[in-house]
Amino acid sequence: MAASVAVIIVNWNAGEHLRACLRALAAQTEAGFRAVVVDNASSDGSPAAVAELGDPRFELLTLASNTGFACANNAGARHTAPTEFIALLNPDAVPQPDWLAALLRAAAQQPDAAGLGSHLVDLARPSISDGTGDCYHWSGRAFRRDHGVA
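Values in this document were obtained by computation on a predicted structure and should not be read as measured data.

Novice: Help me understand the pairing of strand E1 (residues 5-11), please; the structure alone is not making it clear to me.
Specialist: Two faces make up the sheet, and in a regular strand the side chains alternate between them. Burial of E1 is extensive: 7 of the 7 residues sit out of reach of the surface. Taking every second residue as pointing to the same face, both faces of E1 are buried, with Val-5, Val-7, Ile-9 and Asn-11 on one and Ala-6, Ile-8 and Val-10 on the other. Chirality of the crossover, the property in question, places the unit of E1, helix H1 (residues 15-26) and strand E2 (residues 33-39) among those that are right-handed. Note that E1 and strand E4 (residues 85-88) share 4 bridges and pair parallel. Looking across to E4, one finds that Val-7 is bridged to Ala-87.

Laid out in structure tokens, this is it:
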């Protein structure tokens, strides 16, 4: 049976951050996922982390040039179609073991929701919030909601 969720990680020279991200993703309590690292023409050797992991749920999609974050996510979405859910994960994020399971529970509880977000915490100071979503001021200025809140 195909995984109901595809996790897309856009990488560009993320180095050891990507390796930590992939290890944490591989350790999820929800094991029924497919992960695609979309590499934006990295030059630091970080794409090798996918093969080093040795996990068949993970694959590498290599782009010929740095197409940018949005375009690379779109390439990953096309590559993983069809799937019920797409989860976007930054290569410098280290998800908690129940991250994906919690997102899937939230999706089941909110079937009309078009998107969900995660509460980000500061990796060096886990009691400090890095953000609970992006907000936009009427002037167009963007900011993170709850950034730096204990």
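Still to come is the rest of the account.
Novice: What should I look at first to understand the environment of Gly-115 in this one?
Specialist: Relative to the elements of secondary structure, Gly-115 occurs in the loop between helix H4 (99-109) and strand E5 (120-121). For Gly-115, a relative accessible area of 57% translates into the label exposed. In sequence terms Gly-115 and Ala-87 are 28 residues apart; their C-alpha atoms lie 9.4 Å from each other.

Novice: What is the right way to look at unusual backbone geometry in this model?
Specialist: Glycine aside, a negative phi is what most residues show, and trans is what most peptide bonds show. Residues Ala-81 and Pro-82 are joined by a peptide bond in cis, for which omega reads -5 degrees. In this structure, Pro-82 sits in the loop between helix H3 (69-80) and E4. Its identity as a non-glycine residue notwithstanding, Asp-146 has a phi of 65 degrees, on the positive side. Tracing the backbone shows Asp-146 in the segment after strand E8 (142-144). For Asp-146, a relative accessible area of 36% translates into the label partly exposed.

Novice: Looking at this model, I keep getting lost on the nonpolar core. Mind explaining?
Specialist: Nonpolar side chains in soluble globular proteins tend to be buried together. Membership of the largest hydrophobic core comes to 20 residues, with the highest contact counts inside it found for Val-7, Ile-9, Leu-22, Leu-25, Phe-33, Trp-99 and Leu-100. At the level of secondary structure, the elements contributing two or more residues to this core comprise E1, H1, E2, helix H2 (48-53) and H4. Excluding its chain neighbours within four sequence positions, the residues that come into contact with Leu-22 are Ile-9, Val-37, Ala-49, Val-50, Leu-53 and Phe-58.

Novice: Would you mind going over the pattern of salt bridges with me for this structure?
Specialist: Side chains carrying opposite charge are able to pair once their charged atoms draw close together. All told, the structure shown has 6 salt bridges when counted by the stated rule. Where Glu-16 meets Arg-19, a salt bridge forms, and the shortest distance between an N and an O atom there is 3.7 Å. Highlighted residues: Glu-16 and Arg-19, both in helix H1, separated by 3 residues, approximately one helical turn. Given a relative accessible area of 55%, Glu-16 falls into the exposed group. Each member of the salt-bridge network shares a partner with another, and the members are Glu-16, Arg-19 and Glu-52.

Novice: I tried to follow the sheet that holds E1 on my own but got confused; where do I start?
Specialist: Two modes of strand pairing occur in sheets, parallel and antiparallel, and in both the strands are linked by backbone hydrogen bonds. A sheet is described by the order of its strands in space; here 4 strands give the open sequence E3-E2-E1-E4, paired in parallel fashion. Since the sheet does not close on itself, it has two edges, and those belong to strand E3 (58-62) and E4, each with one partner. Each neighbouring strand pair of the sheet contributes to a mean axis angle of 25 degrees, computed without reference to strand direction. Where E1 and E2 come together, 7 bridges link them in parallel fashion.

Rules of the game
Residues numbered from 1 in each chain as written. Predicted model: local features only at pLDDT ≥ 70, side-chain atom pairs only at ≥ 80, totals over all residues. Heavy atoms only, no water. Buried < 20%, exposed > 50% of the residue type's maximum accessible area, 1.4 Å probe, protein only. Helix = DSSP H or I, 4+ residues; strand = E, 2+ residues; numbered from the N terminus. Right-handed = clockwise from strand over helix to strand, strands pointing away. Pairing = 2+ DSSP bridges. Core = buried A, V, L, I, M, F, W, Y, C linked by side-chain atoms within 4.5 Å. Contact = heavy atoms within 4.5 Å. Salt bridge = Lys/Arg side-chain N within 4 Å of Asp/Glu carboxyl O. Axes fitted to C-alpha atoms, helices over the stretch in contact; angles between N-to-C directions.

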